Amino acid sequence: PGAPPNLNVPDGTIWKLDLPTNELTVIARNLGRPRGLALLSDGRIAMADHIHNVISILDPETGITTPLAGLRDTPGFANGQGNTARFAQPYDLIVNPDGDLLVTELDNHRIRKVTLDGTVTDYAGSGAAGSLDGPSAVATFDGPQAIAIASDHSIYVTDIRRSLIRRIKDGVVKTIAGDGTRGWIDSEDPRGARFYGLEGIAVDDGRIIIGDGNRGDDMPFHRVRVIDRAAVP
């Protein structure tokens, strides 16, 4: 919502924090809007730029960024390789067990798979906006934003426009938390809870942890929420 960003303004800085000394060092500047970051096995960093609609790879040793998929400032939807692929607000990403990237896409309502040679395909979501559960190719999302992967390889996604948390497991999408109404309610039954921002998610062996912000609205929704995974069927 609101005025579009000024795409000519340099922005986007990646910093390195040295934990023993707490010293900050700039790795790279003027990267765009890298909202999603994922560490690759070789130490490079995959980045999803939701403003410029591209996926790229940053080498933290050299500070050099290499385009991987999508065409800068050209939103759309297309599978393909490299700059023939198109995204519409790719927001967050993870590395799956095969080493490929899974990318949430706010405006195409999909999860896309991106291999490290830049090949883009659909992973989940039909592209229609909705909250239909079922096989990944026919299930629907509405603004998937944050994504996390558990040790059993199940994928958890925040569906920000429907105020839901979805799980992708064994090729099936299932709603596991939220009643679909934006707000704040705690509940022992995760499907009876309400969320507002759903801006971040993390998973460990026992918990799903959600950053439930206010989406930039002037609303008092700033909480970290926890779901017991044992309560999720």
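The structure displayed is predicted, hence computed values, not measured ones.

### Looking at the sheet that holds strand 6 (residues 64-69)
Line of reasoning, step 1. Reading across from one edge, 3-4-5-6 is the order of the four strands in this open sheet, with antiparallel pairing throughout. Each end of this open sheet is capped by a strand with a single partner; those strands are strand 3 (34-39) and strand 6. Neighbour to neighbour, the strand axes of the sheet diverge by 30° on average, direction disregarded.
Line of reasoning, step 2. Two strands pair when backbone bridges link them, and strand 3 and strand 4 (residues 45-49) are joined in this way by five bridges, in the antiparallel orientation. Residue pairing for strand 4: P34 is matched across the bridge by D49.

### Examining the pairing of strand 9 (residues 101-105)
Line of reasoning, step 1. Counting buried residues along strand 9, five of its five residues qualify, which places the element largely inside the surrounding structure.
Line of reasoning, step 2. Residues of strand 9 alternate between two faces, with L101, V103 and E105 on one and L102 and T104 on the opposite face, all of them buried.
Line of reasoning, step 3. As consecutive antiparallel partners, strand 8 (residues 90-95) and strand 9 are separated by five residues, and within that stretch G99 has a phi angle of approximately 90°, a positive value.
Line of reasoning, step 4. What sits between the antiparallel neighbours strand 9 and strand 10 (residues 110-114) is a turn of four residues, in which H109 has the positive phi angle 55°.

### Re the side chain of R229
Line of reasoning, step 1. When you line up the elements, R229 lands in the segment after strand 19 (223-228).
Line of reasoning, step 2. When neighbours within four sequence positions are excluded, R229 is seen to be in contact with A150, D152, S154, Y156, V203, D204, D205, G206, R207 and I208.

### Some details on the pairing of strand 5 (residues 54-59)
Line of reasoning, step 1. Across the six residues that make up strand 5, a large majority, five, are buried.
Line of reasoning, step 2. Two strands pair when backbone bridges link them, and strand 4 and strand 5 are joined in this way by five bridges, in the antiparallel orientation. Within the sheet, the bridge partner assigned to D49 lies in strand 5 and is V54.
Line of reasoning, step 3. Linking strand 4 to strand 5, which pair antiparallel, is a turn of four residues; within it N53 sits at a positive phi near 65°.
Line of reasoning, step 4. Across five bridges, the pairing between strand 5 and strand 6 is antiparallel. The partner of D59 across the bridge, within strand 6, is I64.
Line of reasoning, step 5. Hairpin connection between strand 5 and strand 6: a loop of four residues separates the two successive antiparallel strands, and G63 in this loop has a positive phi of roughly 80°.

### Notes on the pattern of salt bridges
Line of reasoning, step 1. A complete count under the given rule lists 13 salt bridges for this structure.
Line of reasoning, step 2. Salt-bridge contacts for D42 lead to R44; the nearest nitrogen and oxygen are separated by 2.8 Å.
Line of reasoning, step 3. Assessed through its relative accessible area of 29%, R44 is described here as partly exposed.
Line of reasoning, step 4. Among the ionic contacts, a cluster of salt bridges with common partners joins E105, R110, R112 and D122.

### Some remarks on unusual backbone geometry
Line of reasoning, step 1. Unlike most non-glycine residues, N22 shows phi in positive territory, near 60°.
Line of reasoning, step 2. With respect to the helices and strands, the residue N22 is situated in the loop between strand 1 (14-18) and strand 2 (23-28).
Line of reasoning, step 3. In this model, S163 sits at a positive phi of 60°, which is unusual for a non-glycine residue.
Line of reasoning, step 4. Inspection of the secondary structure assignment puts S163 in the loop between strand 14 (155-159) and strand 15 (164-169).
Line of reasoning, step 5. We classify S163 as buried; its relative accessible area is 2%.

### With respect to a nonpolar patch on the surface
Line of reasoning, step 1. On the surface, W15, L17, L19 and L24 cluster together to form a nonpolar patch covering roughly 460 Å² of accessible area.
Line of reasoning, step 2. Examined against the element boundaries, L19 turns out to sit in the loop between strand 1 and strand 2.
Line of reasoning, step 3. On the basis of relative accessibility, which here comes to 64%, the residue L19 falls in the exposed class.

### Brief notes about the packing of aromatic side chains
Line of reasoning, step 1. The full count for this structure, using the stated rule, is one aromatic pair.
Line of reasoning, step 2. Ring plane angle 5° and centroid distance 4.2 Å describe the contact between Y196 and F221, whose orientation is recorded as stacked. Taken together, the residues span a long stretch of sequence, with Y196 in the loop between strand 16 (172-177) and strand 17 (200-203) and F221 in the loop between strand 18 (207-212) and strand 19 at a distance of 25 residues.
Line of reasoning, step 3. According to the relative accessible area criterion, Y196 is buried, its value standing at 7%.

How each quantity is defined
Residues numbered from 1 in each chain as written. Predicted model: local features only at pLDDT ≥ 70, side-chain atom pairs only at ≥ 80, totals over all residues. Heavy atoms only, no water. Pairing = 2+ DSSP bridges. Helix = DSSP H or I, 4+ residues; strand = E, 2+ residues; numbered from the N terminus. Axes fitted to C-alpha atoms, helices over the stretch in contact; angles between N-to-C directions. Buried < 20%, exposed > 50% of the residue type's maximum accessible area, 1.4 Å probe, protein only. Contact = heavy atoms within 4.5 Å. Salt bridge = Lys/Arg side-chain N within 4 Å of Asp/Glu carboxyl O. Patch = residues over 30% accessible without salt bridge, like charges linked within 9 Å, V, L, I, M, F, W, Y side chains within 5 Å. Areas by Shrake-Rupley, 256 points an atom, 1.4 Å probe, with all protein chains shown as cover. Phe/Tyr/Trp six-rings, centres within 6.5 Å; stacked < 30°, edge-to-face > 60°.

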